[in-house]
Amino acid sequence: MIEEIRKIRESAQAELQGIDSPESLEAFRLLYLGKKGRLPDLFKKFGSIPPEQRKEVGAELNRVKEWIESSVAEMRGKLGSSDGVRESFDPTLPGIPPHSGSIHILQQTIEEITTLYARMGFETVEGPEIETEFHNFTALNIPLDHPSRDSFDTFYTDKGQLLRSQTSTVQIRIMQARKPPLRIIAPGRVYRPDTVDASHSFMFHQIEGLMVDEKVTFSDLKGVLHLFLRELFGSEIKIRFRPHFFPFTEPSVEVDIQWGKGWMEILGAGSVDPNVFDAVGYDKSRVRGFAFGLGVERIAMIRHGITDIRHFYENDLRFLRQFA
Ligand code: PHE
């Protein structure tokens, strides 16, 4: 039996030399490994050999079988299989490009806006998302009975803090920490208990701006916002300042841009209310300032024709890749 196995190995070795096509390889494979091939034939005979030879013969049989199988696989790699598919490595094919990440469209929008303001001397700063009532309301001249303080409009923690509902908190933090003059721009997340739909989210992004100096006027605010909105939406854009009310600015405006046949609200702004200067310990008889706040999602939606705010947060690559 051992002798027979040796002969099969030798003839297989010789025949392998002559294989030059997928077809002759397949014929070889059938001859040795096919159902009625030489090796299965030997395995059948294996059943009738004396038990004391089994260990040695069995090991030899398996060795030859594995050798023929791996030889066939190797040849197939060189020749291609009989269905014409080459399995070998083809160095002329283009490679598979690695996936590279990209910056989220909200972050791109934030960076674009803070870069525009940097050119006007505004430094980018950040503040905490978990805040005190003082920074989110009291110091911003928002009275105790104001509806925005209600738990329907603000998320409170059980330790008497809250998730900031506006980035105006950063006005307070920066004025507490520094002396005027100041020019800052503060991007970040804000939270409000709104029911999620196409235009609402319990979390979104704002950018706050604040300028404080001895002689800052409302016309400085107009000039800065005009420049900013023209850079963002093009020099042809029409801008409208509409009287409004915010507790922390006086006078206050909402700023609209012309959009289609109508107007679209873009941001809130105004001259810093003297009560805010009092709250942070600035001398209100010596300093003036303006502040503004805008929603980042809103700006990105308008500029890119995005119709549902939820797209920003769902990590759907079909959406994200459009801005890669
Ligand atoms: N904080 C205001 C808001 O969330 C926006 C604003 C900021 C208005 C600064 C005036 C000045 O609606």
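Residues numbered from 1 in each chain as written. Predicted model: local features only at pLDDT ≥ 70, side-chain atom pairs only at ≥ 80, totals over all residues. Heavy atoms only, no water.

Engineer: Help me out: how do you make sense of the overall build of the chain in this one?
Structural biologist: Scanning the chain from N- to C-terminus turns up 11 helices and 9 strands. Projecting the C-alpha coordinates of the chain onto the three principal axes gives extents of approximately 110 × 50 × 35 Å. Looking at the chain as a whole, 40% of its 324 residues qualify as buried. Look at the contacts in the chain between residues 6 or more apart in sequence, and 62% of them connect residues 24 or more apart. Accessible surface computed for the chain: about 18,400 Å², of which carbon and sulfur atoms make up 53%. Considering the chain, the positive charge centre built from 41 side chains and the negative charge centre built from 47 side chains are found 3 Å apart. (Helix = DSSP H or I, 4+ residues; strand = E, 2+ residues; numbered from the N terminus. Buried < 20%, exposed > 50% of the residue type's maximum accessible area, 1.4 Å probe, protein only. Contact = heavy atoms within 4.5 Å. Areas by Shrake-Rupley, 256 points an atom, 1.4 Å probe, with all protein chains shown as cover. Lys, Arg positive; Asp, Glu negative; His and termini not counted. Charge placed at Lys NZ, Arg CZ, Asp CG, Glu CD.)

Engineer: Looking at this model, I keep getting lost on the site of the ligand. Mind explaining?
Structural biologist: With respect to spatial proximity, 14 residues lie near the ligand, and among them Gln166, Ser168, Arg192, Gln206 and Glu208 are the closest. Arg192 is positioned such that a nitrogen or oxygen atom in its side chain is 3.1 Å from an oxygen atom of the ligand. Contact between the ligand and Gln206: an oxygen atom at 3.0 Å from a side-chain N or O atom of the residue. When the ligand is considered free in solution it has 330 Å² of accessible area, and contact with the protein chains removes 89% of it. Those elements that place two or more of their residues in the shell around the ligand are strand E5 (203–213), strand E8 (262–272) and strand E9 (288–295). The element that contributes the greatest number of residues to the shell around the ligand is E9, accounting for 3 residues. The class makeup of the residues in the shell around the ligand is 5 nonpolar, 7 polar and 2 charged. (Near = heavy atom within 4 Å. Polar contact = N/O pair within 3.5 Å; in protein donor to acceptor, adjacent residues only side chain to side chain. Nonpolar A, V, L, I, M, F, W, Y, C, P; charged D, E, K, R; others polar.)

Engineer: Hey, could you run me through the nonpolar core in this one?
Structural biologist: When a protein is soluble and globular, its nonpolar side chains tend to lie buried together. Tyr117, Leu225, Phe228, Phe233, Leu267, Phe292 and Phe312 are the most contacted members of the largest nonpolar core, which totals 43 residues. If one sorts the elements of this core by residue count, helix H8 (residues 218–233) sits on top with 7 residues. Aside from chain neighbours lying at most four places away, what touches Leu267 is Leu225, Phe228, Val253, Glu254, Val255, Phe292, Gly293 and Leu294. Counting 23 residues, the second-largest nonpolar core is a separate cluster that includes Leu140, Ile184, Ala186 and Phe248. (Core = buried A, V, L, I, M, F, W, Y, C linked by side-chain atoms within 4.5 Å.)

Engineer: I tried to follow the pairing of strand E6 (residues 239–246) on my own but got confused; where do I start?
Structural biologist: On a regular strand, each side chain points to the face opposite its neighbour's, so the side chains alternate between the two faces of the sheet. Pairing geometry for E6 and strand E7 (residues 249–259), over 7 bridges, is antiparallel. Across the sheet, residue Ile239 finds its bridge partner in E7, namely Ile257. Adjacent in sequence and paired antiparallel, E6 and E7 are bridged by 2 residues. (Pairing = 2+ DSSP bridges.)

Engineer: In this structure, what is going on with the pairing of E9? I would like to understand it.
Structural biologist: Of all 8 residues that make up E9, 6 are buried, and the element is covered over most of its length. Across 8 bridges, the pairing between E5 and E9 is antiparallel. Residue pairing across strands places Gln206 opposite Gly295, the latter belonging to E9. Two strands pair when backbone bridges link them, and E8 and E9 are joined in this way by 5 bridges, in the antiparallel orientation. Within E9, the residue paired with Ala269 across the bridge is Phe292.

Engineer: I'm lost on the domain arrangement of the chain in this one. Help?
Structural biologist: In many analyses, interface size is given as the accessible surface area lost on bringing the parts together. Each domain of the chain was delimited in the assignment, giving domain 1 (2–79) and domain 2 (105–323). A C-alpha centroid distance of 78 Å is found between domain 1 and domain 2. (Domains from an automatic or database assignment.)

Engineer: Where do I start with the sheet that holds strand E4 (residues 182–191) in this structure?
Structural biologist: What links the strands of a sheet is backbone hydrogen bonding, and the strands pair in either a parallel or an antiparallel sense. With mixed pairing, the 7 strands of this open sheet are ordered in space as E1-E4-E5-E9-E8-E7-E6. Looking at the sheet topology across the chains shown, the edges are occupied by strand E1 (123–124) and E6. Contacting E5, E7, E8 and E9, helix H10 (residues 296–304) crosses the sheet at an angle of about 60° to E9. (Axes fitted to C-alpha atoms, helices over the stretch in contact; angles between N-to-C directions.)

Engineer: Teacher, can you tell me more about the packing of helix H3 (residues 38–46) against helix H4 (residues 51–79) here?
Structural biologist: When two helices pack together, their arrangement is captured by the angle between the axes and the distance separating the axes. The interhelical angle for the contact between H3 and H4, taken along N-to-C directions, is 165°, at an axis separation of 11 Å. Classed by the angle they form, the pair H3 and H4 counts as roughly antiparallel. Here H3 and H4 pass one another in a crossing that is left-handed. In this structure, H3 uses Leu39, Leu42, Phe43 and Phe46 to contact H4, whose residues at the interface are Arg54, Val57, Gly58, Leu61, Asn62, Val64, Lys65 and Ile68. Here the contact of H3 with H4 is built from residues that sort into 8 nonpolar, 2 polar and 2 charged. (Parallel < 35°, antiparallel > 145°, perpendicular 65-115°, else oblique. Left-handed = near helix turned anticlockwise from the far one by under 90°.)

Engineer: I tried to follow the pattern of salt bridges on my own but got confused; where do I start?
Structural biologist: Note that side chains of opposite charge can pair when their charged atoms are close. Taken as a whole and assessed by the stated rule, the structure comprises 21 salt bridges. Its salt-bridge partner being Glu133, residue Arg149 comes within 3.2 Å of it at the nearest N-O pair. Placement of Arg149 in the loop between helix H6 (133–136) and strand E3 (162–163) and of Glu133 in helix H6 is noted, with a sequence separation of 16 residues between them. Since its relative accessible area comes to 8%, Arg149 is described here as buried. (Salt bridge = Lys/Arg side-chain N within 4 Å of Asp/Glu carboxyl O.)

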